[in-house]
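Chain and residue survey
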Amino acid sequence: MEGRIEPKFEFAFSVKLKLGKVIRIVNNARGEDRFFVDALEGTFEGPNIKGVVLPGTGGDYPLARPDGTLDFDARYFLKEEDGTIIYLQNRGYRWGSPEVMRRLSNHEEVDISEYYMRTAPSFEVEAGPHDWLTKHIFVGLGQKTPEGNIISYYKMI
């Protein structure tokens, strides 16, 4: 096909999050479970960016669908070492076998090859050295840890 290009990705940074207690609405009117999980603290680092997750600025509002898929909607602020504040919104999915999902919800270690955890983030940041975050498409590859999540973001170039 004429003009066709293949996508290429470049590692941008990883976020390591410690998550808090879960608040839940079980079996809402649509037969789904809605949760809130506080983003307690965290760090992020990549070749051109480094800083902390600002505590108390957000968390994840996942929806547990009847098919076992966890539908993420996470929002929180990052603070780069230079003082720049970055708003991150992360939408995505985590799914695996019922046994794997049970183990993950019990905060057990599970090899990342046993489940799917992918995100599509968007960023807001003031004009300046980190506004490249607002000019690219990113894909996040996630890993559930007993304490929280690690998500590595790749910029489509």
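The following paragraphs examine the structure supplied in this document.

Cut-offs used in this document
Residues numbered from 1 in each chain as written. Predicted model: local features only at pLDDT ≥ 70, side-chain atom pairs only at ≥ 80, totals over all residues. Heavy atoms only, no water. Helix = DSSP H or I, 4+ residues; strand = E, 2+ residues; numbered from the N terminus. Buried < 20%, exposed > 50% of the residue type's maximum accessible area, 1.4 Å probe, protein only. Contact = heavy atoms within 4.5 Å. Areas by Shrake-Rupley, 256 points an atom, 1.4 Å probe, with all protein chains shown as cover. Lys, Arg positive; Asp, Glu negative; His and termini not counted. Charge placed at Lys NZ, Arg CZ, Asp CG, Glu CD. Arc of directions from axis to C-beta. Salt bridge = Lys/Arg side-chain N within 4 Å of Asp/Glu carboxyl O. Phe/Tyr/Trp six-rings, centres within 6.5 Å; stacked < 30°, edge-to-face > 60°. Lys NZ or Arg CZ within 6 Å of the ring centre and 35° of its normal. Core = buried A, V, L, I, M, F, W, Y, C linked by side-chain atoms within 4.5 Å.

Looking only at helices and strands, the chain features 1 helix and 10 strands. In the chain, the succession of helices and strands from N to C terminus is β-β-β-β-β-β-β-α-β-β-β. In terms of overall dimensions, the chain has C-alpha extents of about 45 × 45 × 30 Å along its principal axes. The proportion of buried residues among the 157 residues of the chain is 43%. Restricting the contact set of the chain to residue pairs at least 6 apart, pairs at least 24 apart contribute 51%. Accessible area for the chain stands at about 9,200 Å²; split by element, carbon and sulfur atoms hold 53% of it. Of the charged side chains in the chain, 20 are positive and 24 negative, and the gap between their average positions amounts to 3 Å.

Now for helix H1 (residues 98-105). For H1, the set of buried residues is Val100, Met101, Arg103 and Leu104. Taken around the axis of H1, the buried residues stretch over an arc of 160 degrees, which confines them to a single face. Lining the buried residues of H1 we find strand S6 (70-80), strand S7 (85-96), strand S8 (115-125) and strand S9 (138-144). Positive phi appears at His107, one or two residues downstream of H1, with a value of about 65 degrees.

Turning to the side chain of Arg94, a few remarks are in order. Position of Arg94 relative to the elements: it lies in strand S7. At 7.0 Å, Asp60 is the nearest oppositely charged side chain to Arg94, a buried residue that forms no salt bridge. If sequence neighbours within four positions are ignored, Arg94 has contacts with Gly68, Thr69, Leu70, Phe72, Met101, Leu104, Tyr115, Tyr116, Met117 and Lys144.

The tally for this structure, following the rule as stated, stands at 10 aromatic pairs. Centre to centre, the rings of Trp132 and Phe138 are 6.1 Å apart; their planes meet at 50 degrees, and the pair counts as tilted. Grouping residues by exposure puts Trp132 and Phe138 together as buried. Among the aromatic residues, those joined into a cluster by ring pairs are Phe13, Phe44, Phe123, Trp132, Phe138 and Tyr153. One Lys or Arg, Arg118, reaches over the ring of Tyr116 and ends 4.8 Å from the middle of that ring.

Attention shifts here to the nonpolar core. One recurring pattern in soluble globular proteins: nonpolar side chains tend to sit buried together. Ranked by size, the top nonpolar core spans 22 residues in total, and within it Phe13, Val15, Tyr76, Leu78, Leu133 and Tyr153 carry the most contacts. Contributions of two or more residues to this core are made by strand S1 (9-25), strand S2 (33-46), strand S3 (49-53), S6, S7, S8 and strand S10 (148-156). Ignoring anything within four residues of it in the chain, the contact list for Val15 reads Thr43, Phe44, Val53, Tyr76, Asn149, Ile150, Ile151 and Tyr153. In this structure, Phe72, Val100, Val110 and Tyr115 belong to the second largest nonpolar core, which totals 10 residues.

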